[in-house]
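Survey of secondary and tertiary structure
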Amino acid sequence: MNKELNPTQKSRLYGLTALVCAFWLGQSILKAVKSENLLSVYNVIFYISLILVISYTSFSAYQLWSENRNNSTKDS
């Protein structure tokens, strides 16, 4: 039984992860603004970490999507 994801599934998973992390970042920033604790050291480290995760997963999703799209047009 093959349990590995195909490129389309991986692309969707990366995209969904990027989207959820972006919402998480927005919610965290709004919560920090309300508590007037936006630029504490721990919050800034957390924001940078989430931005890195969002960037990596967005790029990976796009890269897999474009490879899959190119492969499907070559097959046609």
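Scope of this entry: the structure provided in the associated data block. (Residues numbered from 1 in each chain as written. Predicted model: local features only at pLDDT ≥ 70, side-chain atom pairs only at ≥ 80, totals over all residues. Heavy atoms only, no water.)

Quick look at the nonpolar core
The condition is simple: By nonpolar core we mean a set of buried residues, namely Ala, Val, Leu, Ile, Met, Phe, Trp, Tyr and Cys, connected to one another through side-chain atoms within 4.5 Å. Summary of the burial criterion: residues with accessible area below 20% of their type's maximum are buried, those above 50% are exposed, and those between are partly exposed, where the area comes from a 1.4 Å probe applied to protein chains only. Think of it this way: any DSSP run of H or I at least four residues long counts as a helix, any run of E at least two long counts as a strand, and we number them from the N terminus. It only takes one pair of heavy atoms within 4.5 Å for two residues to be counted as in contact.
With six residues, the main nonpolar core is built from Cys21, Leu25, Ala32, Tyr47, Leu50 and Ile54. Listed by contribution, the elements that provide at least two residues to this core are α1 (7-34) and α2 (41-75). The contact partners of isoleucine 54, leaving out residues within four places of it in the chain, are Ala18, Cys21, Ala22 and Leu25.

Brief notes about unusual backbone geometry
What is expected of a backbone is that most residues other than glycine have negative phi and most peptide bonds are trans. A positive phi is found at glutamate 36, a non-glycine position, where the angle reads about 55°. When you line up the elements, glutamate 36 lands in the loop between α1 and α2. By relative accessible area, glutamate 36 is classed as exposed at 73%.

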